[in-house]
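As a plain string of letters, each chain reads:
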Amino acid sequence: MNVLQWGKALPGRWVRAGRPYGTGLIKWCALGVAMGLLGGVVGSAFHHCVDEATALRTAHPWLLAGLPLAGLAIVGLYALAGYRESHPGTNLVLECGRSGEPEPLRLAPLIFLSTALTHLCGGSSGREGAALQLGGSMGSALGRALHLNREDEKTMILTGMSAVFSALFGTPLAAAVFCIEVADVGLLAEASLLPCLVSALTAFWTAGRLAVAPTRFAVTAPALLQPQDAVRVLVLAIGCALVSQLFCWAMHTAEHAYRRALPNHALRTAAGGCLVILASLLLHAAGQGWVYNGAGMGVITAAVEQGTTPSALAFVLKIALTALTLGAGYKGGEIVPTFFVGATFGCVIGPLLGLAPGFAAAVGMAACFCGVANCPLASILLSMELFGGQGMPLFALAVAVSFLCSGRCSLYTAQRLAVRKTNEPANRNMNRTVEEMDDD
C-alpha cells in the first residue's frame, strides 16, 4: 500500500479503533444517569425518612424505650425475607461489588426500614451502610434487568453505591472514588470511574431538587502552611489512627461478644437494645443529654464550627454506644459515628497541640474516616467537599499519616488490603481480607 492509499484508509481505521470507546462512553453515561436518577430519588426519600425519625425521637425521648421492640421488628423483617440467623450488611455489598455476583434487591427495603427504626428509637448509628446497601442492591437489579455480563453488573453495583452515597451526603467526588477504592485497598477500579462519577453527579443534582441540602461545614484553616502546623497535624493524625484502631476493635469485639453470649438472634438484639437504653439513661443522668443517640450530626457541627464538645471523653462514649447498637444487630452505618468520634477527639486534642479546636475537629473527621475505611483518596476529596479547599495540604497530610498508622484495621472485614502500608514481607497481605488477616 502506497502513502496515498494508506492516507485514504486512515480515517476508517480511526473510526474502527475508536468505536468501542465511543460505544462505551454512551453506554456508561446513559446507565450512570439512569442509576443516578433512581439513586437520587431513593436516597432523598431515605434522607427525609431518617431526618423525620430523628426529629420525632428528639421531640419524644421516651421513644428510646421502644428500642428492644424495634430490634425484634428488624429481626422479624429479615426473617420474613429469608435471613434468619445472620443479616447481610455492607460486607456483602463489598463482596458483590468485587465479584459481580448478584445482590438481592430485597435488601433495599429491609435496610431502609430497619435503619429508620434504629434512628427512631435512639440507636447510635449512621446512614452510609444503608446507602451502600440500597445503592448496591438497586444497581445489581438494574444490571440483571438489562442482562449485563458479570463485569458490567459489578460496575452497576458500584454505580448504585455511588449514587445513594452522593445523594445522602452531597459529596459526589468522594462518593465515586470511595466506591471504587473501598473493596480492594490499593487496587482502584478505574474502569468504573466514569459511570460512578456520572451517577454520583446525577444523584447529587437530583437530591438537591428534592430538598436534600449537601453536608457542608464552615471551617477556618491556617491561611499559610507553616512547618509547625504540619507537625501539629501530624501528631493529631497519629492520635486519630489510634482512635480508629480502637473504634474498629470495639465494633468487632462487641459483635463477637454478643454472638458468644446470646446465640439467639432475636434475644441478642433485644438485649442489646436494653443495654443501649441503660447506657443512655446513665449518660443523661450524668448531664450528657441524649447527644450520643442517633447519628449525632448536631455534635459534629458544634465541634467543627464552634469548637465545642459535650465532654472530653465524648469520642469514647460514642464508640461504646455505637458498638453496643450495631454489634447487637441494629442497622445504619459506622461512618457518621466515625465523624462524631473524629470531630470530638480533634476538638479536645487540637488545642493541646496549638491548633484551633474547630480546624482540629475537621482534621479529626478526615483522619478517622481514612483510618477506619482505608480510603485515602476518597478521604482527601471528602475533606475538600465538606470543608472547602482551604488548608487542603494539612488535610492530605493527616489522611496520609492516619492511613499508614492505622495498620490493617478496618470497619469492613470483607475489605481486601492489596497494598503494603509498611515494609512487611511481600505478598503477606495481598488479596486477603481483613477478617482473614485477623485469623492469623
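These numbers were taken from a predicted model, which means no experiment stands behind them.

Draft legend 1. Examining the overall build of the protein more closely. Each helix and strand in the protein was counted, giving 17 helices and 2 strands. The C-alpha atoms of the protein give 22 Å as radius of gyration, which agrees with the globular expectation for 440 residues (22 Å, within 12%). In terms of its C-alpha atoms, the protein occupies a principal-axis envelope of roughly 90 × 60 × 50 Å. When the 440 residues of the protein are sorted by exposure, 55% land in the buried category. In the protein, the proportion of contacts linking residues at least 24 apart, taken out of those at least 6 apart, comes to 78%. With an accessible surface of roughly 17700 Å², the protein has 67% of that area assigned to carbon and sulfur atoms. Averaging the locations of the 27 positively and 24 negatively charged side chains of the protein gives two centres separated by 5 Å.

Draft legend 2. Representation of the side chain of serine 124 in the model. When you line up the elements, serine 124 lands in the loop between α4 (107-120) and α5 (128-145). Within the structure, serine 124 has its side chain in polar contact with the side chain of threonine 322 (distance 2.8 Å).

Draft legend 3. A look at the packing of helix α11 (residues 297-306) against helix α13 (residues 335-353). Contact geometry of α11 with α13 gives a least axis separation of 9 Å together with a crossing angle of 30 degrees. In terms of crossing hand, the pair formed by α11 and α13 is left-handed. Within the contact between the two elements, α11 uses Met297, Val299, Ile300, Ala303 and Val304 and α13 uses Val336, Phe339, Phe340, Ala343, Thr344 and Cys347. Along the lines of polarity and charge, the residues of the contact of α11 with α13 split into 10 nonpolar, 1 polar and no charged.

Draft legend 4. Broad picture of the packing of aromatic side chains. One pass over the structure, following the stated rule, counts 11 aromatic pairs. Ring centres 5.0 Å apart and planes at 35 degrees place the aromatic pair phenylalanine 165 and phenylalanine 169 in the tilted group. Here phenylalanine 165 and its partner phenylalanine 169 are both found in helix α6 (residues 150-169), 4 residues apart, which amounts to about one turn of the helix. Per residue, the accessibility class of phenylalanine 165 equals that of phenylalanine 169, and both read buried. Each residue in the set Phe165, Phe169, Phe178, Phe339 and Phe369 is aromatic and connected to the rest through ring pairs, giving one cluster. One cation-aromatic arrangement involves arginine 127 over phenylalanine 169; the distance from NZ or CZ to the ring centre is 5.1 Å. Over the aromatic face of phenylalanine 340 sits the side chain of lysine 318, whose NZ or CZ is 5.0 Å from the ring centroid.

Basis of the calculations
- Residues numbered from 1 in each chain as written.
- Predicted model: local features only at pLDDT ≥ 70, side-chain atom pairs only at ≥ 80, totals over all residues.
- Heavy atoms only, no water.
- Helix = DSSP H or I, 4+ residues; strand = E, 2+ residues; numbered from the N terminus.
- Rg over C-alpha atoms; globule rule 2.2 N^0.38 Å.
- Buried < 20%, exposed > 50% of the residue type's maximum accessible area, 1.4 Å probe, protein only.
- Contact = heavy atoms within 4.5 Å.
- Areas by Shrake-Rupley, 256 points an atom, 1.4 Å probe, with all protein chains shown as cover.
- Lys, Arg positive; Asp, Glu negative; His and termini not counted.
- Charge placed at Lys NZ, Arg CZ, Asp CG, Glu CD.
- Polar contact = N/O pair within 3.5 Å; in protein donor to acceptor, adjacent residues only side chain to side chain.
- Axes fitted to C-alpha atoms, helices over the stretch in contact; angles between N-to-C directions.
- Left-handed = near helix turned anticlockwise from the far one by under 90°.
- Nonpolar A, V, L, I, M, F, W, Y, C, P; charged D, E, K, R; others polar.
- Phe/Tyr/Trp six-rings, centres within 6.5 Å; stacked < 30°, edge-to-face > 60°.
- Lys NZ or Arg CZ within 6 Å of the ring centre and 35° of its normal.

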